[in-house]
Amino acid sequence: MPTPPSRPPAIDELDARLLALLAERPSIGVLGASRELGVARGTVQARLDRLQTKGVIRTFAPTLDPASLGYPVTALCTLEIRQRLGHQAVVDHLMAIPEVLEIHSTTGVGDLIIRIVAMDNADLGRVIDEIIDDTHVVRASTSIALVTHLEMRTGPLVEAAAHRPTTPGP
């Protein structure tokens, strides 16, 4: 049986080093990164452009801390929805609520999991009331995050992706 064509890894070692450097020092800039990595400025720029085009780098926006903006309470909320019209009506409703930071369609008991923030527990009640104030939301189950032990991270994933062996293509 013939071997299927292999798909090149999404990133290589230089990409991984560049991504780690940008994560550690986001304001370094293209020239600073080229000096730090020991490669030409054009190489860094080309790598950044390619990583953006491929969707590896989604944004260069700063990472903001909701607590520093006055929203120290974080909660995860599982929503069960009426699916007759699909998820989009609920997603549109949720996107209009500033305290809703993430929305994920899921399998299992709930249909959507959302990450929300609030100023305090009473404000969390207000946010939840706003969330369930939609005819398509059947039930909400909320868990307050007491301590965050690990923020979203991608560094170890970048390292693993850079060293992943070539995988068979479709």
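Residues numbered from 1 in each chain as written. Predicted model: local features only at pLDDT ≥ 70, side-chain atom pairs only at ≥ 80, totals over all residues. Heavy atoms only, no water.

For the protein, an unreviewed UniProt entry supplies the name AsnC family transcriptional regulator and the organism Janibacter hoylei PVAS-1.

(A) The overall build of the protein, seen in detail. The secondary structure content of the protein amounts to six helices and six strands. The order of helices and strands in the protein, counted from the N terminus, is β-α-α-α-β-α-β-β-α-β-α-β. Radius of gyration (C-alpha) of the protein: 21 Å, far over the 15 Å computed for a compact globule of 170 residues. Judged by the C-alpha coordinates and their principal axes, the protein covers about 55 × 50 × 25 Å. (Helix = DSSP H or I, 4+ residues; strand = E, 2+ residues; numbered from the N terminus. Rg over C-alpha atoms; globule rule 2.2 N^0.38 Å.)

(B) Examining the side chain of Asp134 more closely. Here Asp134 is to be found in the loop between α5 (121-132) and β5 (137-145). Apart from residues lying up to four places away in sequence, Asp134 is in contact with Ala89, Val90 and His93. (Contact = heavy atoms within 4.5 Å.)

(C) Structural detail: the side chain of Arg47. Within the secondary structure, Arg47 is located in helix α3 (residues 41-53). If sequence neighbours within four positions are ignored, Arg47 has contacts with Asp12, Leu14, Asp15 and Leu18.

(D) Region of interest: the sheet that holds β5. Strand order in this open sheet of four strands is β3-β4-β2-β5, and the pairing throughout is antiparallel. A strand with exactly one partner marks an edge of an open sheet, and here the two such strands are β3 (100-105) and β5. The sheet shows a mean angle of 20° between the axes of neighbouring strands, direction not considered. As paired elements, strand β2 (residues 73-81) and β5 share eight bridges and run antiparallel to each other. Bridge pairing links Thr74 to Ala145 in β5. Most of the contacts of helix α4 (residues 88-95) go to β3, to which it runs at about 165°, and overall it touches β2, β3, β4 (112-118) and β5. (Pairing = 2+ DSSP bridges. Axes fitted to C-alpha atoms, helices over the stretch in contact; angles between N-to-C directions.)

(E) View of the pattern of salt bridges. Counted according to the given criterion, the structure contains nine salt bridges. Its salt-bridge partner being Asp15, residue Arg50 comes within 2.7 Å of it at the nearest N-O pair. Residue Arg50 is found in helix α3, and its partner Asp15 is found in helix α1 (residues 13-24); the two are separated by 35 residues along the sequence. Between Asp123 and Arg126 there is a salt bridge whose closest N-O contact spans 2.7 Å. Of the two residues, Asp123 and Arg126 both sit in helix α5, three residues apart, roughly one turn of that helix. Taking relative accessible area as the criterion, Arg126 reaches 34% and is therefore assigned partly exposed. What emerges from the salt-bridge pattern is a single network uniting Asp12, Asp15, Arg47 and Arg50. (Salt bridge = Lys/Arg side-chain N within 4 Å of Asp/Glu carboxyl O. Buried < 20%, exposed > 50% of the residue type's maximum accessible area, 1.4 Å probe, protein only.)

(F) Expanded view of the domain arrangement of the protein. As far as domains go, the protein holds domain 1 (13-62) and domain 2 (66-145). With centres defined by C-alpha atoms, the gap from domain 1 to domain 2 works out at 34 Å. (Domains from an automatic or database assignment.)

(G) Region of interest: the UniProt feature "domain: HTH asnC-type" (unreviewed entry) in the protein. Cross-referencing UniProt, the feature "domain: HTH asnC-type" (unreviewed entry) maps to residues 11-72 in the present numbering. For the annotated span residues 11-72, helix accounts for 55% and strand for 0% of the residues, and the straight-line distance between the end C-alpha atoms is 36 Å. (UniProt positions renumbered as here; feature names shortened; annotations may be inferred.)

(H) Expanded view of a nonpolar patch on the surface. Residues Ile144, Leu146 and Val147 make up a contiguous nonpolar surface patch of about 340 Å² in total accessible area. Counting through the fold element by element, Leu146 comes out in the loop between β5 and α6 (155-162). Under the relative-accessibility criterion, Leu146 is labelled exposed at 80%. (Patch = residues over 30% accessible without salt bridge, like charges linked within 9 Å, V, L, I, M, F, W, Y side chains within 5 Å. Areas by Shrake-Rupley, 256 points an atom, 1.4 Å probe, with all protein chains shown as cover.)

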